[in-house]
Amino acid sequence: MIFVIWISYKFTRLIYAPIVRLKNGMLRVKQGDFDFQLEHISRDELGQLVANFNTMIFTIKTLILERYEERLARKDAEFKYLQAQINPHFIYNTLQIISSMAIVKKVPEISTASKSLAKMLRYSIHTKSKRITLKEEIENVVSYLEIQKLRFREFLNYELDVDEEVYGYHVLKLILQPVVENAVTHGIEAKGENGKVKVTVKRIGESIHMEVWDNGKGMSDEKLDLLKQSMDANEKESPPAADDNHNHMGLKNIQQRIKMIYGQEYGLKVDSVYGEWMKVTIHVPAERTGGDPRK
């Protein structure tokens, strides 16, 4: 009888001890303590239950740390965003002062440059919507070209051919100016001779066509094909790159934005003749109001 009682005691203790450990572990978790692991010796169902409890604690602790780090990163991003907002506004106000001083001192070129740069800065920090009117986008392009014309003087001319009816249509912000900048920087400037940039914007049916043409360096057929492959490649793909293909990453980014927002039937088309010209055509739907809230 004593032996049976002893065996029963040992068996009960063997079952009861892991349950007590689980209970105590749950109390520690309830109090917010996740820096522990329960000891489990047996491989029976209770042992597996303790092992699963340990795994659960580790997973919860990992998720809490990730959430905490995410909140810290978000707070840091918000702080940096506020800093980024303060600095451009300060620069914008300073440019306005420089413009006023240039007018007083009768230096029109400085006034033109500071006004144009101030307009571009104000346009870039305007964050109410990712969609703006074509009129705003074209005005931003003109500000950029005015600054570059002061830099290159008679070596750069530009022409605008814009149907007035398109001014009221909405497009993605900064969809045209980077293409014009690409034409000036990697076309006109690279060629080093008298250059011209022509911007054409018109409505064709239910679409808006924006065309940027320059008589700059252009691209060889081989590099043009590589650029097209890069523009049409998915983010996970790694298409072969031309030696200077990184210079045209802006075109790829615009292509991806257009296709993501408007659909695969829209985007950029690139044509070029090496040493003579390059043309980038932007094709987007004609939209006046409303549309996808992401825009």
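As the structure is a prediction and not an experimental result, all values here were calculated from the model.

1. Concerning the confidence of the model for the protein chain
Scored by pLDDT, the protein chain has a mean of 80; 82% of the residues are at 70 or more. Taking the mean pLDDT of every element in the protein chain, the minimum, 74, falls on helix α2 (residues 45–104) and the maximum, 96, on strand β5 (residues 207–214). Segment residues 238–246 is flagged for pLDDT under 50; beyond a separation of four residues in sequence, or across chains, it makes twelve contacts in the model. Here residues 290–295 scores under 50 on pLDDT; set against residues more than four positions off or in separate chains, the count is twelve contacts.

2. Focus: the nonpolar core
Within the largest apolar cluster, 45 residues are counted, with the highest numbers of intra-cluster contacts made by I175, L176 and M210. Among the elements that make up this core, the one with the highest residue count is helix α4 (residues 134–152) (six residues). Each residue touching M210, except ones within four places of it in the same chain, is listed here: L134, V171, I175, L176, T200, V201, V280, T281, I282 and V284. Of all hydrophobic cores here, the second largest spans eight residues; its members include F34, L38, F53 and I57.

3. Some points on the pattern of salt bridges
Throughout the structure, instances matching the rule amount to eight salt bridges. Where D35 meets K61, a salt bridge forms, and the shortest distance between an N and an O atom there is 2.8 Å. In this pair, D35 sits in the loop between α1 (2–30) and α2 while K61 sits in helix α2, placing the two residues 26 residues apart along the sequence. A relative accessible area of 32% means that K61 is categorised as partly exposed.

4. Notes on α4
Residues spaced three or four apart along an α-helix point in a common direction, a consequence of the helix completing one turn every 3.6 residues. Between the first and last C-alpha of α4 there are 26 Å, a value that for 19 residues agrees with the 27 Å anticipated at 1.5 Å per step. Buried within α4 are the following residues: L134, E137, I138, N140, V141, S143, Y144, L145, Q148 and F152. Looking one or two places after α4, you find R153, whose phi comes out positive at around 55°.

5. Quick look at the packing of helix α3 (residues 108–124) against α4
It is at 9 Å that the axes of α3 and α4 come closest, and there the two elements cross at 145°. Two packed elements cross with a definite hand, and for α3 against α4 that hand is left-handed. Contacts between α3 and α4 involve E109, T112, A113, S116, L117, K119, M120 and Y123 from the former and E136, E137, N140, S143, Y144, E146, I147 and L150 from the latter. For the contact of α3 with α4, the per-class residue count stands at seven nonpolar, four polar and five charged.

6. Focus on a nonpolar patch on the surface
Together, F3, V4, W6 and I7 make up an exposed nonpolar region whose accessible area comes to about 430 Å². Position of V4 relative to the elements: it lies in helix α1.

7. What about the pairing of strand β6 (residues 267–273)?
Pairing analysis gives seven bridges linking β6 to strand β7 (residues 277–285), with the strands arranged antiparallel. Paired with V270 across the two strands is V280, which belongs to β7. Count of turn residues in the β6/β7 antiparallel hairpin: three residues, of which G275 carries a positive phi of about 80°.

8. Brief notes about a negative patch on the surface
On the surface, a cluster of negative charge is contributed by D161, D163, E164 and E165. For E164, the location among the structural elements is in the loop between β2 (156–162) and β3 (170–172). On the basis of relative accessibility, which here comes to 66%, the residue E164 falls in the exposed class.

9. A look at the environment of R288
Structurally, R288 can be placed in the segment after β7. Looking at R288, the relative accessible area reads 44%, which means it is partly exposed. When residues no more than four places from it in sequence are discounted, the contact partners of R288 are E165, G168, Y169 and H170.

Rules used in this analysis
- Every chain is numbered on its own, with residues counted from 1 as its sequence reads.
- Two thresholds apply to this predicted model, a pLDDT of at least 70 for residue-level local features and 80 or more for giving and counting side-chain atom pairs, whereas whole-chain, interface and lining totals are computed over all residues.
- As a rule here, side-chain values come from all non-hydrogen atoms in the structure, and water together with hydrogens is ignored.
- On a range of 0 to 100, pLDDT expresses the predictor's confidence in each residue.
- Numbering of helices and strands runs from the N terminus, with a helix taken as a DSSP run of H or I at least four residues long and a strand as a DSSP run of E at least two residues long.
- Pairs of residues are marked as contacts when any of their non-hydrogen atoms sit within 4.5 Å.
- By nonpolar core is meant a set of buried Ala, Val, Leu, Ile, Met, Phe, Trp, Tyr and Cys residues that side-chain atoms within 4.5 Å join together.
- Only protein chains enter the accessibility calculation, which uses a 1.4 Å probe. A residue is then buried if its area is under 20% of the maximum for its type, exposed if over 50%, and partly exposed in between.
- Salt bridges, as used here, are contacts in which a Lys or Arg side-chain nitrogen is within 4 Å of a carboxyl oxygen on Asp or Glu.
- Multiplying 1.5 Å by the helix residue count minus one yields the expected span of that helix.
- Axis lines are fitted through C-alpha atoms, for helices just across the contact stretch, and the angle between N-to-C directions can take any value from 0 to 180 degrees.
- By convention the crossing between two helices is left-handed if the near helix lies anticlockwise of the far one by an angle smaller than a right angle, and right-handed if it lies clockwise.
- Each residue receives one of three labels: charged for Asp, Glu, Lys and Arg, nonpolar for Ala, Val, Leu, Ile, Met, Phe, Trp, Tyr, Cys and Pro, and polar for the others, Gly being one of them.
- Two joining distances apply to patches: 9 Å for like charges and 5 Å for nonpolar side chains (Val, Leu, Ile, Met, Phe, Trp, Tyr), and every residue must have over 30% relative accessible area and no salt bridge.
- A 1.4 Å probe and the Shrake-Rupley method give the accessible areas. Residues count as covered only by the protein chains that appear here.
- Pairing between strands is defined by DSSP: at least two bridges between them are needed.
- When charges are tallied, Lys and Arg are placed among the positive residues and Asp and Glu among the negative ones, while His and the ends of the chain are skipped.
- To locate a charge, take NZ of a lysine, CZ of an arginine, CG of an aspartate or CD of a glutamate.

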